[in-house]
Amino acid sequence: MGLKNKKNTEDPEEPLIASQSTEPEIGHLSPSKKETIMVTLHGATNLPACKDGSEPWPYVVVKSTSEEKNNQSSKAVTSVTSEPTRAPIWGDTVNVEIQAEDAGQEDVILKVVDNRKKQELLSYKIPIKYLRVFHPYHFELVKPTESGKANEATAKTQLYATVVRKSSFIPRYMGCNHMALEIFLRGVNEPLANNPNPIVVIARVVPNYKEFKVSQANRDLASVGLPITPLSFPIPSVMNFDVPRVSQNGFPQLSKPGGPPEQPLWNQSFLFQGRDGATNFSEDTALVLEYYSSTSMKGSQPWTLNQPLGISVLPLKSCLYQKMLTGKGLDGLHVERLPIMDTSLKTINDEAPTVDLSFQLLSSERPENFLTPNNSKALPTLDPKILDEKLRTIQESWSKDTVSSTMDLSTSTPQEAEEEPLVPEMSCDTEMNNYWQAMQKMAEDILSLRRQASILEGENRILRSRLAQQEEEEGQGKASEAQNAVSMKQKLLLSELDMKKLRDRVQHLQNELIRKNDREKELLLLYQAQQPQAALLKQYQGKLQKMKALEETVQHQEKAGFPVLSASGLPLGSMGENLPVEVYSVLLAENAKLRTELDKNRHQQAPIILQQQALPDLLSGTSDKFNLLAKLEHAQSRILSLESQLEDSARRWGREKQDLATRLQEQEKGFRHPSNSIIIEQPSALTHSTDLKQPSELEPLLPSSDYKLNKPSNPQKETANSQQT
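To start, this report covers the structure provided alongside it. (Residues numbered from 1 in each chain as written. Predicted model: local features only at pLDDT ≥ 70, side-chain atom pairs only at ≥ 80, totals over all residues. Heavy atoms only, no water.)

Focus: the overall build of the protein
Right, so step 1: Tallying secondary structure elements over the protein gives 13 helices and 18 strands in all.
Right, so step 2: Per-residue burial for the protein yields a buried fraction of 38% across its 725 residues. (Helix = DSSP H or I, 4+ residues; strand = E, 2+ residues; numbered from the N terminus. Buried < 20%, exposed > 50% of the residue type's maximum accessible area, 1.4 Å probe, protein only.)

Topic: the sheet that holds strand β5 (residues 107-114)
Right, so step 1: The strand order across the open sheet formed by 4 strands is β3-β2-β5-β6, and the pairing between neighbours is antiparallel. This sheet does not close on itself; its edge strands, each paired only once, are β3 (76-77) and β6 (120-127). (Pairing = 2+ DSSP bridges.)

Brief notes about the nonpolar core
Right, so step 1: The biggest cluster of nonpolar side chains holds 34 residues, and the ones touching the most others in it are Leu41, Val62 and Leu110.
Right, so step 2: Counting only elements with at least two residues in this core, the list comes to β1 (34-45), β2 (58-64), β4 (89-99), β5, β6, β7 (137-144) and β8 (156-166).
Right, so step 3: Core analysis: the next-biggest nonpolar cluster, separate from the first, contains 31 residues, Leu289, Tyr291, Leu316 and Tyr321 among them. (Core = buried A, V, L, I, M, F, W, Y, C linked by side-chain atoms within 4.5 Å.)

Thoughts on the packing of aromatic side chains
What characterises a pair of aromatic rings is the spacing of the ring centres plus the angle enclosed by the ring planes.
Right, so step 1: This model, assessed by the stated rule, comprises 6 aromatic pairs.
Right, so step 2: Note on Trp266 and Tyr291: the rings are 6.2 Å apart at their centroids and 40 degrees apart in plane angle, and the pair reads as tilted. Placement of Trp266 in strand β13 (residues 265-273) and of Tyr291 in strand β14 (residues 286-293) is noted, with a sequence separation of 25 residues between them.
Right, so step 3: In textbook terms, an aromatic cluster arises when at least three aromatic residues are bridged by ring pairs, as seen for Tyr130, Tyr137, Phe139 and Phe241. (Phe/Tyr/Trp six-rings, centres within 6.5 Å; stacked < 30°, edge-to-face > 60°.)

What to know about unusual backbone geometry
Right, so step 1: With an omega dihedral of 0 degrees, the bond running from Phe233 to Pro234 counts as a cis peptide bond.
Right, so step 2: Looking at where Pro234 falls in the secondary structure, it is placed in the loop between β11 (229-232) and β12 (253-254).
Right, so step 3: With an omega dihedral of 0 degrees, the bond running from Gly259 to Pro260 counts as a cis peptide bond.
Right, so step 4: In this fold, Pro260 is placed in the loop between β12 and β13.
Right, so step 5: Positive phi outside glycine occurs at Lys33, with the angle close to 60 degrees.
Right, so step 6: As for its position among the elements, Lys33 is in the segment before β1.
Right, so step 7: Despite not being glycine, Asn71 has its phi angle at roughly 55 degrees, a positive value.
Right, so step 8: Mapped onto the elements of the fold, Asn71 is located in the loop between α1 (65-69) and β3.

Considering helix α2 (residues 209-217)
Right, so step 1: Taken residue by residue, α2 has Tyr209, Phe212, Ser215 and Gln216 as its buried positions. Down the axis of α2, the buried set is contained in an arc of 115 degrees. They therefore lie on one face. Residues of α2 that are exposed and point more than 90 degrees away from the buried face comprise Lys210 and Ala217.
Right, so step 2: Those residues of α2 that are buried lie in contact with β10 (199-206), β14 and β15 (310-315).
Right, so step 3: Put simply, Asn208 is the residue that caps the front of α2, since its side-chain oxygen is 3.2 Å from the backbone nitrogen of Lys210.
Right, so step 4: Looking one or two places after α2, you find Arg219, whose phi comes out positive at around 55 degrees. (Arc of directions from axis to C-beta. Contact = heavy atoms within 4.5 Å. Polar contact = N/O pair within 3.5 Å; in protein donor to acceptor, adjacent residues only side chain to side chain.)

Things to note about the pattern of salt bridges
Right, so step 1: Under the definition given, this model contains 13 salt bridges.
Right, so step 2: In this structure, Arg515 and Glu512 form a salt bridge, with 2.9 Å as the shortest nitrogen-oxygen distance. Placement of the pair is Arg515 and Glu512 together in helix α6 (residues 428-529), with a separation of 3 residues, close to one helical turn.
Right, so step 3: Given the relative accessible area of 48%, Arg515 is considered partly exposed.
Right, so step 4: Between Glu643 and Lys546 there is a salt bridge, with its nearest N and O atoms 2.8 Å apart. Separated by 97 residues along the polypeptide, Glu643 in helix α10 (residues 622-669) and Lys546 in helix α7 (residues 532-561) bring together distant segments of the chain.
Right, so step 5: Classification of Lys546 by relative accessible area gives partly exposed; the value is 42%.
Right, so step 6: One connected set of salt bridges, linked through shared partners, spans Lys63, Glu68 and Lys111. (Salt bridge = Lys/Arg side-chain N within 4 Å of Asp/Glu carboxyl O.)

Quick look at the structure:
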C-alpha cells in the first residue's frame, strides 16, 4: 500500500521495512498447546501529536502482558508510514503466541509508537479470554487523547484493527458433522481493462441470500462493507465481545489487497467455523464475495467502504453438499470461472470478469491439509453452466434484469432468459407445461424434504445414542463415585484406627518418660540426702570428739591416780616413800604410746577428709552411686565397730588403772608384793589391755595411720629393757 521505511535495523521492536511481508503462512491453527492472536492493523485517525508538538511518524507494536512484564522485545511490529502523519494506513498482519493455559490471564497490548523519538503515543489492552476462538473481530478502538478536549473534532483517536484468536484445534459445534468450511480465493482469471487500484475482498456466508439482498438494497450498515465494533477503553463490559449464534448478514472476513490492479491475485484462505460451516447447507444459504477498491479505505473514515465494484455468489445447496462428498481425497470442489456480477469492470475482451476459487469441508478438529495454490487444482472441477442449470442458482445473483421469468431455468441459460420477451397470453400447451413443471418442482421439493427428514432422523438417532451413552457414562460415573466413596470411608476408618494406635503409643511413651524422670529425681534426691562428704566428715568429727574426751579422761586419771614426783624423779606415795622404778616406767611408756597414737590420729584426719571429698567427683553413673552407697554403709558399720571397741578398751583400761592404784596404795600401807610378782603380773595386764586393741578379722585393711593407732604394744619387751637399766 505504498509503505516505506527509511531505517533498517535488527531490533525486534523496530518497524519493518516495506519489502518485508507481515502476512502469515497459509494455515489457520496455532502450534500445539499454544494460542495465536492474529492482529491486522488497518489504520488510525486523529493520532495525538508528540510531546514537542511535532507530527508523529507512527508504527504499532503488539505484545502480551507477560512479555511486557518481563521487558521482552516483541517481533509483532508493523511497518512505519512513508511520512509523518496523524492518519496512518498500515494494512499489516502480525501474530502473538501465548501458552494455551495462560489465555485466561493474558492480555494483548497494542502500542502506537513514534519512530523518531520512540515515544509511546497510545496503548490499548484487550483481554484474550473475552475473544471467541476463530471469530473475526473488526474493532474501532477509541481512547480519549491526553488533552481531553471534547468540543474539538480531533478530540478522540480511533485505531482500526481486526483481531482473531486462533487455537490449536477447531472446536466441534453441537449437531454438526463437519468442523468448518474453507474457501480458497485464487484471483481474477482475465486481465482487466479498467481497474486502476488493488482490490480487497469481503467474504461472508449468509443463511438467506434473498433477505441479505433486501438489506443491501435498504443500505443496512450491517450488510454493507465491513461492520465495525466500537470498543472504548477502559472496557466497560464483556458484552462488547458477545457474538450471536446466527447472523443474517454472516460474519464477514477481509482479505489483503490483491494486486497488480491489471489482474488481482489473492491466494488467500477463509475459514468459516460454527454455523457458518459446512453443515449449514440449505436452499437459501450462499457464499457472497464483495469486491472493493483499496483506495476506498482511505480518508477520515477509512473503514466505511463505498459502493462495491462487484459481487460473486456461490449458492451452498444440499445437492452441492452431496456433490462435494462424492469426490476422491478431499471433500471439496474447484470452480474455475465464478462470474463477478453487478460490476462495471471489464476484461480486455470486453467481457464480465470471473474469479477462480476452491472450497472444502473440514471433518477433523486438527486438519492437516488446508487448501493451497497447488492442492486446490486437484479437486473436482464444477462447471458454472452445470452450477446454473442443475442447482437452480438464484437468478438475482446472475442477471442484472430484475424482471422475474417463469421459464424453466434448467433448460435455459441466463443470457437466453434476458433475451426472450415475455408473452402476455399463453396457449393451453404452455399452461400444461407450466403445470407439469410445477408438479415436477413440487415432487423434487417433496423428495428433498424427505431427504432432509431422513437426514434429521439420522442426526436425531445419533444424538439419542450419544445422550444414552452419556447417561450410561454418568451412571457408571456415579457407581464408580459410590465405590470410591466407600473405599475412601474404609481408608478413613483405617487411618483413624492407625491414628488411635499411634496416640496410645505416644501416651505410653510419655508415661514411660515421666516414670524415668521421676526415678532420676529420686536418685538425685537420694544422692543429695546421703552425701558421703557430709556423712564422713560428721562421723570423723564425732570420732575426734570422743578421742578428745578419752584424752581428757586419761589426763584426769593421771592427775588423780599418780602421786607427786620426788626430787629424785620417782613418784612418792602417800607416806612419802618411793614407788618401784619398774611400775613407774611401765606407766610412762603406756602413757607415751597413747599420746603418740592420739597425735598421729589427730594429724591424719585431714587427708582422710580430703580423700573423701574427691570421691563424688569421680562418680559418673548409676553404678558409681550404688558403689558409693555400699561404701558408705560399710564405713558406717566400721565406725560402729571401732566405737564399740574403743568403749570396751576404755572400760578395761579404767579397771586396770584402778587395780594399779589399789596395788600402789597397798604398797604404801605396807602390803608390798615381791618385785618379781609385779613384773610378772604387769605384762599380763598390759597384754590383756593391748589385746583389746587388736583389729577384728572381719574389718577391712585401714590406712597406715589407723593401723598404727590400733597397733598393740609389747609390754614384755619394755619391762625387760627397764630391768636391765
